[in-house]
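# Coordinate analysis (summary)
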Amino acid sequence: MSRKAAVIALTALAPVSWGSTYAVTTEFLPPDRPLFTGLMRALPAGLALLALTRTLPRGAWWGKAAALGALNIGAFFPLLFLAAYRLPGGVAAVVGSVGPLFVVGLAALLLGERPGTRSLLAAVAAAAGVSMVVLTAGAAFDPVGVAAGLASAASMAAGTVLTKRWGRPEGVGPLALTGWQLTAGGLLIAPVAFLVEGAPPALDGRAAAGYAYLALANTAVAYWLWFRGIERLTATSVTLLGPLSPLTAAVIGWAALGQALGPVQLAGMAIAFGATLAGQWTPRRTFGNAERKSEKVSMDLSGAAVRR
């Protein structure tokens, strides 16, 4: 396996993990507590990573970490849950699947990543494939839910592109950067959760296990892999891994929850997965630009050339 393929495979584990969120939420967690669930996903994971890395932001990175945490976590989670509650699950997934198109536009504007025909077609095909998998006949489109779904996709898209644009401070690893964002996002969600939903619910062992899984594997590890991938791949190729989340949810629903998958759903899965694979093709020179930049040095006085 090539180096790039390994990075893509590890990054893909993040949306695959996120695809298990629906099953865990419905089977393990208290009902009707989406904001509390978002809080329990973000804040414990962020604090655990802060304790592990023992690294805090410095200077301008206090503001940057807060902004990234708000976009990727603090605004994204509540908007996503609002869309999920106002829309049928399939409609919410389809609305969210336009995220790659937002990233293509923002990456062109802020990163200079020119949107190629392949990327645009892959983004459209992925959204179409997801709609075939999850959209049911007669699905209702609530305006507030649709607006929330589009806003959540735009928030995550902006966070993805800015994470790529700003990189991370010298000497700070992706684990610490992940901890900053999760903590900032969790602190933003906390007051909203308590104001809207009230005191935390009583938790039994099953719910505690579900929240532990969401905080550790589904959030701390998954977001670390996601931000690590953003650093090493183009923003467009990373976000085109996103359709793996609803596809994973559909597979889990079929395998564990007894949900049916008909010919249309299977065709949609094939289209969305094919678009995801197509979206990973980038010119060889674009891979690892961030790492190569750190290797640039000038020529020494003797005129001997060193690697640029």
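Details of the structure are given in the entry above.
The following paragraphs examine the structure supplied in this document. Source: prediction; values computed, not measured.

### Re the overall build of the protein
- Counting secondary structure elements, the protein contains 15 helices and zero strands.
- Residues classed as buried in the protein amount to 46% of the 308 residues present.
- Of all intrachain contacts in the protein linking residues separated by at least 6 positions in sequence, the fraction that spans at least 24 positions is 87%.

### Notes on the pattern of salt bridges
- Evaluated as defined, the whole model comprises three salt bridges.
- Note that Arg168 is salt-bridged to Glu231, the shortest N-O span being 2.3 Å. Within this pair, whereas Arg168 is found in the loop between helix H9 (143–166) and helix H10 (174–197), its partner Glu231 is found in helix H11 (residues 205–232), the two being separated by 63 residues in sequence.
- On the basis of relative accessibility, which here comes to 19%, the residue Glu231 falls in the buried class.
- In this structure, Glu231 and Arg232 form a salt bridge, with 3.3 Å as the shortest nitrogen-oxygen distance.
- With a relative accessible area of 18%, Arg232 lands in the buried category.
- The structure contains a network of salt bridges with shared partners spanning Arg168, Glu231 and Arg232.

### Focus: the nonpolar core
- Ranked by size, the top nonpolar core spans 30 residues in total, and within it Trp18, Ile73, Phe77, Tyr223 and Trp226 carry the most contacts.
- Discounting residues that sit within four places of it in the chain, Ile73 has contacts with Ala42, Leu68, Pro78, Gln181, Leu182, Gly185, Gly186, Ile189 and Tyr223.
- Among the nonpolar cores identified, the runner-up in size contains nine residues, and Leu50, Ala176, Leu177 and Trp180 belong to it.

### Quick notes on helix H14 (residues 263–278)
- When the terminal C-alpha atoms of H14 are compared, their 22 Å separation across 16 residues agrees well with the 22 Å that a helix rising 1.5 Å per residue should span.
- Of all the positions in H14, only Gly268, Met269, Ala272, Ala275 and Thr276 are classed as buried. Taken end-on, H14 shows its buried residues confined to a sector of 135°, consistent with a single buried face. Away from the buried face of H14 by more than 90 degrees, exposed residues Pro263, Ala270 and Leu277 are located.
- For H14, the elements touching its buried residues are helix H8 (117–134) and helix H13 (244–256).

### Looking at the packing of helix H2 (residues 21–28) against H11
- Direction vectors running N to C along H2 and H11 enclose 165°, while the axes themselves pass 9 Å from each other. Between H2 and H11, the interaxial angle falls into the category roughly antiparallel. Judged by the sense of rotation from one axis to the other, the crossing of H2 with H11 is left-handed. For the pair H2 and H11, contact is made by Thr21, Val24, Glu27 and Phe28 and by Arg206, Ala207, Gly210, Tyr213, Leu214 and Asn218, respectively.
- Broken down by class, the residue content of the contact of H2 with H11 amounts to five nonpolar, three polar and two charged.

### Observations regarding unusual backbone geometry
- A positive phi is found at Asp32, a non-glycine position, where the angle reads about 60°.
- Overall, the relative accessible area of 55% leaves Asp32 in the exposed class.
- Positive phi is not limited to glycine here, since Arg54 has a value of about 50°.
- Counting through the fold element by element, Arg54 comes out in the loop between helix H3 (34–53) and helix H4 (61–74).
- Judged by relative accessible area, Arg54 falls into the exposed class, the value being 77%.

### Quick look at the packing of aromatic side chains
- This structure, assessed with the given rule, holds seven aromatic pairs.
- Between the aromatic rings of Phe36 and Tyr211, the centroid separation amounts to 5.5 Å while the plane-to-plane angle is 90°, which identifies the pairing as edge-to-face. In this pair, Phe36 sits in helix H3 while Tyr211 sits in helix H11, placing the two residues 175 residues apart along the sequence.
- Arranged with centres 5.7 Å apart and planes meeting at 45°, the rings of Tyr223 and Phe227 form a pair that is tilted. Taken together, the positions of Tyr223 and Phe227, both in helix H11 and four residues apart, correspond to about one turn of that helix. For the residue pair Tyr223 and Phe227, the accessibility class agrees, reading buried in each case.
- In this structure an aromatic cluster arises from ring pairing among Trp18, Phe76, Phe77, Tyr223, Trp226 and Phe227.
- Seen from the ring of Phe36, Arg33 lies directly overhead, with NZ or CZ sitting 6.0 Å from the centre.
- When the ring centre of Phe28 is taken as origin, the NZ or CZ atom of Arg206, which lies over that ring, is 4.3 Å away.

What counts as what
Residues numbered from 1 in each chain as written. Predicted model: local features only at pLDDT ≥ 70, side-chain atom pairs only at ≥ 80, totals over all residues. Heavy atoms only, no water. Helix = DSSP H or I, 4+ residues; strand = E, 2+ residues; numbered from the N terminus. Buried < 20%, exposed > 50% of the residue type's maximum accessible area, 1.4 Å probe, protein only. Contact = heavy atoms within 4.5 Å. Salt bridge = Lys/Arg side-chain N within 4 Å of Asp/Glu carboxyl O. Core = buried A, V, L, I, M, F, W, Y, C linked by side-chain atoms within 4.5 Å. Expected span 1.5 Å × (residues − 1). Arc of directions from axis to C-beta. Axes fitted to C-alpha atoms, helices over the stretch in contact; angles between N-to-C directions. Parallel < 35°, antiparallel > 145°, perpendicular 65-115°, else oblique. Left-handed = near helix turned anticlockwise from the far one by under 90°. Nonpolar A, V, L, I, M, F, W, Y, C, P; charged D, E, K, R; others polar. Phe/Tyr/Trp six-rings, centres within 6.5 Å; stacked < 30°, edge-to-face > 60°. Lys NZ or Arg CZ within 6 Å of the ring centre and 35° of its normal.

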